[in-house]
Amino acid sequence: METYCDRCGEPAAAGGHETCLVARAMEPPRYCAECRRRLIVQVTPTGWTARCSRHGEVHSTPA
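About the cut-offs
Residues numbered from 1 in each chain as written. Predicted model: local features only at pLDDT ≥ 70, side-chain atom pairs only at ≥ 80, totals over all residues. Heavy atoms only, no water. Helix = DSSP H or I, 4+ residues; strand = E, 2+ residues; numbered from the N terminus. Rg over C-alpha atoms; globule rule 2.2 N^0.38 Å. Buried < 20%, exposed > 50% of the residue type's maximum accessible area, 1.4 Å probe, protein only. Areas by Shrake-Rupley, 256 points an atom, 1.4 Å probe, with all protein chains shown as cover. Lys, Arg positive; Asp, Glu negative; His and termini not counted. Charge placed at Lys NZ, Arg CZ, Asp CG, Glu CD. Salt bridge = Lys/Arg side-chain N within 4 Å of Asp/Glu carboxyl O.

Undergrad: Any chance you could explain the overall build of the protein chain here in plain terms?
TA: On a plain count of helices and strands, the protein chain comes out with 1 helix and 3 strands. Listing each helix as α and each strand as β along the protein chain from the N terminus yields α-β-β-β. In terms of overall size, the protein chain behaves like a compact globule, its C-alpha atoms giving a radius of gyration of 12 Å where 63 residues would be expected to give roughly 11 Å. A burial count over the protein chain gives 22% of its 63 residues as buried. A total of about 4600 Å² of accessible surface is found on the protein chain, and carbon and sulfur atoms cover 53% of it. Distance between charge centres in the protein chain, computed from 8 positive and 7 negative side chains, equals 7 Å.

Here's what the structure looks like:
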């Protein structure tokens, strides 16, 4: 099963995701890593929630 970068949506195995990893330290995911669908993202002062219509929700963890 292929996985995808949750920031740019490209195949994770393709490589070249160094900038994605840096950006993900500060921002929520934008694509589902399982199916490459665009996520519905809600950002709040305390974190974020990202939802895939097929694979459910992912939440940030408070620092």
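Undergrad: Looking at this structure, I do not really get the pattern of salt bridges. What am I missing?
TA: It is possible for side chains of opposite charge to pair when their charged atoms get near one another. This model, assessed by the stated rule, comprises 3 salt bridges. One salt bridge in this structure joins Arg7 and Glu27, with 3.2 Å as the shortest N-O distance. Pair noted here: Arg7 is in the segment before α1 (18-24) and Glu27 is in the loop between α1 and β1 (40-44), with a separation of 20 residues, a long-range link. Glu10 is the salt-bridge partner of Arg36, the closest N and O atoms lying 3.3 Å from each other. Within this pair, whereas Arg36 is found in the loop between α1 and β1, its partner Glu10 is found in the segment before α1, the two being separated by 26 residues in sequence.

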